[in-house]
Each structure stands twice: as structure tokens, then as C-alpha cells.
Amino acid sequence: MGHNALSNTLLVLPARKGGFGIVALYFISVFFGIVAGIFPWWFVVSAVIAICFFIIAWFFPEFAVVLLLASLFGVLPESLMPKLALGGGELKPEDLGIPVLFFILILKDYKNFKILISPLRHYVFPLGFFVGSALLSALIAVLYKTSPVKDVFNELRPYFTWLFLLVFFMAINNEKKILRFKVLLLILALILAAGVMVQSLSGVSIFGRGQEVRQLWSTGGGVAGVMRSTTPGMFLMTGVLIYIFAAYAKEQIKRPFLLCVFGAILSGGILVGFGRGMWLSVIIGIVMLAFFSRKAAYTKLIIVFGLVCGISFGGLLIVKPDYVSAIADRFLSVGEELERGSSFGRRKEENFYAIQKIEQSPLLGVGLGGRYKPENSETLAWPEQSRYIHNAYMKVAVKTGLPGLFAVLFFIAVTIWRTWDAARFRSGHKDPALAFAAFWVILTTMVFTSMTQPNFVASNGVASIALAIFLSEALRRDSQERRNDDEQS
């Protein structure tokens, strides 16, 4: 009797509203219950996350893109994310997620693939030349066994991240998705800024991968009571801050209240990173806005900018007074750092050995994964020190040879010109502040800070550059389509 009743219930459920979903949920629950009894909990969690990502990627690809960025920037807990061991190394969640999302988008809209990525035609040759030189370098390193496969793979990973460019254009392909994507980027930037402030003030790490919380060191040694908190999402944070300022200067934002609130949070996140190059980049961005804004609007911006700085410093003065003096000392100690700072001295030493290797092998370099620096006390404690170099241009030259350096310089020139042209475009951007912010991100990542950070050969830097290119070209395409519509009407 009970068995027949159960059978009748299962037969009737699919016919009723919501019945099929209940049955599906039942079988999914049973499946994961069996899996949980066989595999460890972390495997089950990773499997659930992977399935959820597939669903989100199919129906809401712009959300999937932001999730990948959040993973890359360390916001999502890495211990729970799907990973895969490979060649002595490990495929990170975004290493798996980017190609998965790419193929899902191809399946959904393969007929419009060429149309969607058409704005990238100006970048195909320079970027292809740059990435191709890296792939050739990696292939030579593996075939001739000049470097361990693990090291080659780790240094090749950032070049793989350029696939983000295709994913951006395919996933965010209409005005509604772009608007939603901008809101999600703002939320992610605010989470990053609030998180690094909490990390710095508490000394407790809440983010993973690349998020560094350590005592601040200046030319005079450690600064007591001041913790430096950095994030691989720094360029997103600062880019959003510059966008907010630009939107106010271009009168897209009329009321300064949100500008002050969001600006104070983002500024706080930038300040606790104690990156002098980033601070200088923000100041340069504010100055550059004078050439893109009306005089009256720019004057208002400077007043509000001073107010935001006052709120940020006032908050730090109340919570952690030592931070204000540490910020002032670090900002004013640039000359002293250049004369006798250990950080600047280390970079000079890196450049010295890199130039020697370039002279020995100007065409091929040492190859991806190759060592350019002789062993010393530092490299014995940290073996990666013999492979890592802070200067992005020098790193490309020493790893891939002068052809790779010429390729990246060509790519940088094309990117700066395209984003500059979009930023000064006067025939009707819907969001001129976004065009300016994209141009600023390109200058910051590829010029201003690339001497001290390997931005365009680091995954977080590549993702930030790809994001800026996408936003700039998407605005250009939208303007062109609207002009065509106006001409036809």
C-alpha cells in the first residue's frame, strides 16, 4: 500500500506545477549524499561550486566573469575552489574557469563569435606577437630542459590569462549586461577596499592568494603598529576610484554624497597598501582630469577630492593615529629610498643581472621559468628570487629576449593610442568617465607602475589590462552603432 502510494506520488509530481523541479532536487540530493559518503567534504564543496558556476555561466555570464575576477583577486576562499594538479604545479580556479566559460559562451552563441570579438582586430597582431614569443620561449625551455616544467608553467600562466579578453566581449554583449557588470565591479572593488582595511587594522588575513599582511617597512626599518595590506585587485580598486572622480568631474554624478562615501572606502584601501607608485598614479589621474573636464566641474572635483582625503585621514587618525604619520613618512621619503633604500637597491641588483643575461642571449633570453640571478643568501631562502624580477619590461626582455620586448612595446603603444582616442572621443560616449578610467588603468599598469611591478606578465595585471581594453572598446563600439543608427534614420 505504502509502496503504491509512493509510486503514484512520483508519477503525479512531474505533471503538477513545480513537480519536476522537486523530483530533480530529490535525485540531486541523493547523488550528493552518496558522493559525500565516498569523497572528502572539500571535494563535495568544490563539485557543488563547479556545478553552480556552470549554471551561472550559461544564464548570467557577466556574473560568472565577476566570480572569476573575485577568485583571481583572492576574495573567494581558495581552499574551497576547484583545482587541478598539473606538471608539478596547480591549475588555479580561474585557470579552469576561464576556458570553461569561453567554451560555454561559444556553445551559446558561436554564430556571432566573429561579430562579438570584432573590436579586438586592432590588437590581434601585437598581442599575438607578444603571446607567441612567450609560447615559443616556453616550448624551447621544455624541449631543451633548460627549466623545470613547474617553473615554466607558472611563468606561462599570466599569458594564458589574456583569454579574458575574448571572454569579456562574448559574455557582456549588450547594454543591459554592461550596466549590470559595472555595478558588480563597483561592489567587488568596495569589498576589496573594505577587506584590505580590515586586514591592515586587525592584522588578520581574511582574503587569500596574493593578499599580503605584514609589518610596514620604511628606509629606517619596521614601523611599529602599522600593517601593510596589499591585494592583486589594486588596479580595480583604483580604477573604480578614478571612475567615480571622473564621473563627478564630467557631471555624470551630480550629488557628492555617494562620491564621498565610496571615495573614502576606496581611498582607505589604497592608503593601507602603502604603494607609493599607486598613490602617485592616482594624483596623476586627478591632474589629467583637468584636460578632460570643464573648469567649473573640475574645481568642484578638487574640493570634493580634498573632502574625501580629509574623511580618510580623519578616520585613520581616530582608529590608528600611527597610520597618518606612516603615510606622510612614506610619501616624503622617496628621495631617501632612492639614495639608500633596500627595496630600491634590490631592484637595481635585479636589473644589473638581467642586463647581463640579455647581453649573453639577446634573441631568446633565459626562457620562461629560467633563472637569471646567481644564488646568494636570499635565493637560498627564497628560490623564486632567482627567477622573479620586479621591472615588467626587464622581465619580458630577460625571459623572451629582445623580440619579446619589441612585441610588448608595440602592443603597449597600440593599447595606449586606442584607449586615449576613446577617452578624448567627443562625438557622444554614454559614459565618458568610464572611457577616461579605462585609459588611466592602461597608463598605470603599463607605464606608471610597470617599472616596479611585472604587471603585464602577472595574472592580476593582465586581467586588469584586459578589463580596461574591453570597457574602452565596448564604449567605442556602442558610440559607432548609435552613429550608424542616426545616419540611417
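No experiment lies behind these values; they were computed from the predicted model shown. (Residues numbered from 1 in each chain as written. Predicted model: local features only at pLDDT ≥ 70, side-chain atom pairs only at ≥ 80, totals over all residues. Heavy atoms only, no water.)

S.K.: Tell me what's going on with the packing of aromatic side chains, and back it up with residues and numbers.
M.R.: Taken as a whole and assessed by the stated rule, the structure comprises 20 aromatic pairs. Ring plane angle 75° and centroid distance 6.4 Å describe the contact between F102 and F113, whose orientation is recorded as edge-to-face. One end of the pair, F102, is in helix α5 (residues 93–109); the other, F113, is in helix α6 (residues 113–116), with 11 residues separating them in the sequence. Ring plane angle 75° and centroid distance 6.2 Å describe the contact between F181 and F470, whose orientation is recorded as edge-to-face. Here F181, found in helix α10 (residues 175–202), pairs with F470, found in helix α21 (residues 459–488); they are 289 residues apart in sequence, far enough to count as distant. Both residues of the pair, F181 and F470, count as buried. Three or more aromatic residues joined by ring pairs make a cluster, and in this case those are F164, F168, F169, F181 and F470. Seen from the ring of W58, K108 lies directly overhead, with NZ or CZ sitting 5.7 Å from the centre. (Phe/Tyr/Trp six-rings, centres within 6.5 Å; stacked < 30°, edge-to-face > 60°. Helix = DSSP H or I, 4+ residues; strand = E, 2+ residues; numbered from the N terminus. Buried < 20%, exposed > 50% of the residue type's maximum accessible area, 1.4 Å probe, protein only. Lys NZ or Arg CZ within 6 Å of the ring centre and 35° of its normal.)

S.K.: So what's going on with the nonpolar core? Which residues, and what values?
M.R.: It is characteristic of soluble globular proteins that their nonpolar side chains tend to be buried jointly. Counting 130 residues, the largest nonpolar core has F130, W162, F164, F168, F181 and F456 as its most contacted members. Setting aside chain neighbours within four positions, we find F181 in contact with E62, V65, V66, F168, I172, L467, F470 and L471. (Core = buried A, V, L, I, M, F, W, Y, C linked by side-chain atoms within 4.5 Å. Contact = heavy atoms within 4.5 Å.)

S.K.: Account for the side chain of E62, with residues named and values stated.
M.R.: Counting through the fold element by element, E62 comes out in helix α4 (residues 61–72). Classification of E62 as buried rests on a relative accessible area of 1%. If we ignore the near neighbours within four places in the chain, the residues touching E62 are A171, I172, K177, R180, F181 and L184.

S.K.: So what's going on with the pattern of salt bridges? Residues and values would help.
M.R.: Scanning the model with the defined rule gives 13 salt bridges in all. For E175, the salt bridge goes to K430, with nearest N and O atoms at 2.8 Å. You can see E175 sitting in helix α10 and its partner K430 sitting in the loop between α19 (392–423) and α20 (432–448), a full 255 residues away along the chain. Taking relative accessible area as the criterion, E175 reaches 49% and is therefore assigned partly exposed. Overall, K430 belongs to the partly exposed group, its relative accessible area being 47%. The partner of R424 in a salt bridge is D421, and the shortest N-O contact between them spans 3.2 Å. (Salt bridge = Lys/Arg side-chain N within 4 Å of Asp/Glu carboxyl O.)

S.K.: Run through unusual backbone geometry, naming residues and quoting values.
M.R.: The backbone of E251 sits at a positive phi, close to 65°, despite the residue not being glycine. One non-glycine residue with positive phi stands out, namely F274, at about 50°. Mapped onto the secondary structure, F274 falls in the loop between α12 (256–271) and α13 (276–288).

S.K.: Outline α20, supporting the account with residue identities and numerical values.
M.R.: Taking 1.5 Å per residue as the helical rise, α20 with its 17 residues ought to reach 24 Å, and the 22 Å between its terminal C-alpha atoms agrees with that figure. Judged by how many residues are buried, α20 sits mostly within the fold: 14 of 17 residues are covered. (Expected span 1.5 Å × (residues − 1).)

S.K.: I'd like a rundown of the side chain of R228, residues and numbers included.
M.R.: Mapped onto the elements, R228 comes out in strand β4 (residues 221–230). A residue is classified by how much of its surface remains accessible, and R228, at 17% relative accessible area, is buried. Among the polar contacts listed, one links the side chain of R228 to the backbone oxygen of G273, at a separation of 2.7 Å. (Polar contact = N/O pair within 3.5 Å; in protein donor to acceptor, adjacent residues only side chain to side chain.)

S.K.: Could you give an account of the packing of helix α11 (residues 234–249) against α20, naming the residues involved and the relevant values?
M.R.: Two elements in contact, α11 and α20, have axes separated by 8 Å at closest approach and are oriented at 140°. As α11 runs across α20, the sense of the crossing is right-handed. Contact with α11, carried on its side by F235, T238, G239, I242, Y243, A246 and A247, involves A433, L434, F436, A437, W440, V441, T444 and T445 of α20 and no other residues of that element. When the residues that make up the contact of α11 with α20 are grouped by side-chain class, the tally is 11 nonpolar, 4 polar and no charged. (Axes fitted to C-alpha atoms, helices over the stretch in contact; angles between N-to-C directions. Left-handed = near helix turned anticlockwise from the far one by under 90°. Nonpolar A, V, L, I, M, F, W, Y, C, P; charged D, E, K, R; others polar.)

S.K.: Explain the environment of V319 to me, and be specific about the residues and the numbers.
M.R.: When you line up the elements, V319 lands in helix α14 (residues 295–319). Measuring from C-alpha to C-alpha, the distance between V319 and L201 comes to 8.4 Å, with 118 residues separating the pair along the chain.

S.K.: How would you explain α14 if you had to name every residue and give the values?
M.R.: Its 25 residues place the ends of α14 36 Å apart at the C-alpha level, agreeing with the 36 Å of an ideal helix rising 1.5 Å per residue. A297, Y298, L301, V304, F305, V308, S312 and L316 are the residues of α14 that are buried. As for α14, its buried residues are in contact with α11, α12, α13 and α15 (321–332).

S.K.: An account of a nonpolar patch on the surface is requested, with residue identities and associated values reported.
M.R.: A grouping of I51, F54, I55, W58, F59, F60, F63 and L107 is seen on the molecular surface, where their side chains present a nonpolar patch of about 820 Å² in accessible area. At 5 residues, the largest contribution of residues to the nonpolar patch is made by helix α3 (residues 41–59). By secondary structure assignment, the location of F60 is in the loop between α3 and α4. By relative accessible area, F60 is classed as partly exposed at 43%. (Patch = residues over 30% accessible without salt bridge, like charges linked within 9 Å, V, L, I, M, F, W, Y side chains within 5 Å. Areas by Shrake-Rupley, 256 points an atom, 1.4 Å probe, with all protein chains shown as cover.)

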